[in-house]
Amino acid sequence: MHLCRHLISLSFFRLVLANSASCPVPAWPSESAVCAGPPTPYIVQHSAGKGLGMFATHNLDAGDIIMRETPPLKITPPDFIRNAGYPMKEVTKLVRKEFNKLSQRDQEEIMSLTYHGTPVEVATVDKLGIIFRTNAYNSGTEIGLFPKIARINHSCRPNASYYWSDKLNKRIVFVYRKINKGEEIFVSYIPLLMTQEERQKRLDRYGFKCSCDACAQEREAKVASDERRATIHQAFMDFESHLTLTPPKTQKGRQQARKNAKASLQLIEMLHQEGLTDYYAKAYRTAAFSHARVQDWEPAAIWANKGYELKYMEDPDSWHTQEMYNLTSNFIANWEDELRKRTQQQWHQ
């Protein structure tokens, strides 16, 4: 690319970043904004083979907020027992105590949720405890139950995601890729970098077999998908020790760093093939670090900014968002310095 085009691209880059810092406007409306569309972006209705599900009432773009829900029921869990989990008897006791404080309407909503337990559990354990175990989410240091979010079904290629905000005391569900009107909204209940067989075993605790696009593929495509997910999982582990901004000092180290930069792009490509949106930001961060280590500042800045955009979309106030903003700013500064030096060299030729 010609140097002038680099400079134009960089100027635009700086303008976008400056605007996001000085006047950060999220992709969703503020609490005081006037909603121009339907009052809610979703409706709960029958989902074939899944009972109830949540569907978009109008087209939703990446970054749109689907809902913010405060848990009506939340507990501080007892000590976690390795290889056994939280003791069911103690959890149920804590849940029942909080449940009794709720209004009848909240109680009825919670008791209407789908749940899964063994025949022995269903016959002998308080139903409320099983409902809580099936539907609750970690919420900071506590565990919360979100009756509305519980209506969202699982997919191994979800189109939405969520995060817990301690500041708001809410779990926030947002769109990760475009969802068309009438399309079902999906999140993931489990980590997704496993084979289809492993994912199905993890989902047994919820009492269903996943039939999403990824799990319903023909055998050949399913095998290829399993291999990609295993490769992605291993790649993230292998990259972990290389996510530093310290340049390699040896020739061998520099060669490996260049290979890592190339491999980071292959990692992103595999994630895009699998549609694993939950892992995009992590991969963009990996690519940013990998290119920064070989002082290839243009792609380092571009990938850092892509990661920043996704983290800002998830939670503008998180330290992850701030980290990606700082990385983007630093890489742009290095890119700018590099272009300045190249311009000076051209003038002296």
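Structure: see above.
Undergrad: What is the right way to read the overall build of the protein chain from this model?
TA: Looking only at helices and strands, the protein chain features 11 helices and 10 strands. For the protein chain, the residues scored as buried account for 44% of the 349 residues in total. Once local pairs closer than 6 in sequence are excluded, the contacts in the protein chain between residues at least 24 apart make up 67%. When the accessible surface of the protein chain is summed, it comes to about 19400 Å², and 52% of that surface belongs to carbon and sulfur atoms.

Undergrad: When you look at the packing of aromatic side chains in this model, what are you seeing that I'm missing?
TA: Two aromatic rings, taken as a pair, are described by how far apart their centres are and by the angle between their planes. Taken as a whole and assessed by the stated rule, the structure comprises 15 aromatic pairs. In textbook terms, an aromatic cluster arises when at least three aromatic residues are bridged by ring pairs, as seen for Tyr137, Phe146, Tyr162 and Trp164. Above the ring of Phe236, the side-chain terminus of Lys282 is found at 4.5 Å from the ring centroid.

Undergrad: Would you explain the packing of helix H9 (residues 280–293) against helix H10 (residues 297–314) in this entry?
TA: When two helices pack together, their arrangement is captured by the angle between the axes and the distance separating the axes. Their axes nearest at 8 Å, the elements H9 and H10 cross at an angle of 155°. Here H9 lies roughly antiparallel to H10, going by the angle between them. Note that H9 runs across H10; the crossing there is left-handed. Note on element contacts: H10 touches H9 through Trp297, Pro299, Ala300, Trp303, Ala304, Lys306, Gly307, Leu310 and Lys311, opposite Tyr280, Ala281, Tyr284, Ala287, Ala288, His291 and Ala292.

Undergrad: Hey, could you run me through unusual backbone geometry in this one?
TA: Most peptide bonds take the trans form, and the phi angle of most residues other than glycine is negative. Although it is not a glycine, Asn169 sits at a positive phi angle of roughly 55°. Turning to its location among the elements, Asn169 is positioned in the loop between strand E8 (160–165) and strand E9 (170–175). Classification of Asn169 as partly exposed rests on a relative accessible area of 28%. In this structure, Gln295 is a non-glycine residue whose phi angle is positive, near 55°. Relative to the elements of secondary structure, Gln295 occurs in the loop between H9 and H10. The exposure class of Gln295 is partly exposed, given its relative accessible area of 45%.

Undergrad: Just checking my understanding: could you explain the state of the cysteines for this structure?
TA: Covalent bonding between the sulfur atoms of two cysteines is what defines a disulfide. Considering all chains together, one arrives at zero disulfides under this definition. Residue Cys156 stays outside any disulfide, its sulfur separated by 3.7 Å from that of Cys215, the closest cysteine. Residue class for Cys156 comes out buried when judged on its relative accessible area of 0%. Of the cysteine sulfurs around Cys212, a residue in no disulfide, the closest is that of Cys210, at 3.5 Å.

Undergrad: Can you help me understand the sheet that holds E9 in this one?
TA: Pairing between the strands of a sheet comes from backbone hydrogen bonds, and it takes one of two forms, parallel or antiparallel. Spatially, the three strands line up as an open sheet ordered E3-E9-E8, and their pairing is antiparallel. The open sheet has two edge strands, strand E3 (65–69) and E8, and neither has a second partner. Strand after strand, the sheet turns through a mean of 15° between neighbouring axes, direction not considered.

Undergrad: Just to check I follow, could you spell out the side chain of Arg293 for this structure?
TA: Its place among the elements puts Arg293 in helix H9. Of the buried charged residues, Arg293 lacks a salt bridge, with Glu240 as the closest side chain of opposite charge at 13 Å. Of note is the side chain of Arg293, whose polar atom sits 3.1 Å from the backbone oxygen of Thr246. If we skip the residues at most four places from it in the chain, Arg293 touches His242, Thr244, Thr246, Pro247 and Pro248.

Undergrad: What is the right way to read the packing of H10 against helix H11 (residues 319–347) from this model?
TA: For the pair H10 and H11, the least separation of the axes is 8 Å and the interaxial angle reads 160°. By the angle between their directions, the pair H10 and H11 is classed as roughly antiparallel. Regarding H10 and H11, the two cross each other, and that crossing is left-handed. Where H10 approaches H11, its residues Trp297, Glu298, Ala300, Ala301, Ala304, Asn305, Gly307, Tyr308, Lys311 and Tyr312 are matched on the opposing element by His320, Thr321, Met324, Tyr325, Leu327, Thr328, Phe331, Ile332, Asn334, Trp335 and Glu338.

Undergrad: So what exactly am I meant to see when it comes to the pairing of strand E6 (residues 142–145) here?
TA: A regular strand places its side chains so that they alternate between the two faces of the sheet. Strand direction decides the pairing type here: strand E4 (residues 73–75) and E6, joined by three bridges, are antiparallel. Paired with Lys74 across the bridge in E6 is Gly144. Pairing of strand E5 (residues 137–139) with E6, which is carried by three bridges, proceeds in the antiparallel orientation. Across the sheet, the residue bridging to Ser139 is Glu142, located in E6.

Undergrad: Help me understand the nonpolar core in this model?
TA: Nonpolar side chains in soluble globular proteins tend to end up buried together. Counting residues in each nonpolar core, the largest one holds 50 residues, and the members touching the most others are Ile232, Phe236, Leu267, Leu271 and Phe331. When sequence neighbours within four positions are dropped, the list of residues in contact with Phe236 reads Leu193, Leu267, Leu271, Tyr279, Lys282, Ala283 and Thr286. Grouped together as the second largest cluster of nonpolar side chains are 18 residues, Tyr42, Met54, Phe146 and Val175 included.

Undergrad: Sorry if this is basic, but what is going on with the pairing of E8 here?
TA: The buried count for E8 comes to six of six residues, which makes it a mostly enclosed element. Here E8 shows no split at all, with Ala160, Tyr162 and Trp164 on one side and Ser161, Tyr163 and Ser165 on the other all buried. With six bridges joining them, E8 and E9 adopt antiparallel strand pairing. In the sheet register, Trp164 faces E9, and the bridge partner there is Arg171. Connecting E8 to the antiparallel partner E9 that follows it, the hairpin turn spans four residues, and Asn169 within it adopts a positive phi of roughly 55°.

The rules we used
Residues numbered from 1 in each chain as written. Predicted model: local features only at pLDDT ≥ 70, side-chain atom pairs only at ≥ 80, totals over all residues. Heavy atoms only, no water. Helix = DSSP H or I, 4+ residues; strand = E, 2+ residues; numbered from the N terminus. Buried < 20%, exposed > 50% of the residue type's maximum accessible area, 1.4 Å probe, protein only. Contact = heavy atoms within 4.5 Å. Areas by Shrake-Rupley, 256 points an atom, 1.4 Å probe, with all protein chains shown as cover. Phe/Tyr/Trp six-rings, centres within 6.5 Å; stacked < 30°, edge-to-face > 60°. Lys NZ or Arg CZ within 6 Å of the ring centre and 35° of its normal. Axes fitted to C-alpha atoms, helices over the stretch in contact; angles between N-to-C directions. Parallel < 35°, antiparallel > 145°, perpendicular 65-115°, else oblique. Left-handed = near helix turned anticlockwise from the far one by under 90°. Disulfide = S-S within 2.5 Å. Pairing = 2+ DSSP bridges. Lys, Arg positive; Asp, Glu negative; His and termini not counted. Salt bridge = Lys/Arg side-chain N within 4 Å of Asp/Glu carboxyl O. Polar contact = N/O pair within 3.5 Å; in protein donor to acceptor, adjacent residues only side chain to side chain. Core = buried A, V, L, I, M, F, W, Y, C linked by side-chain atoms within 4.5 Å.

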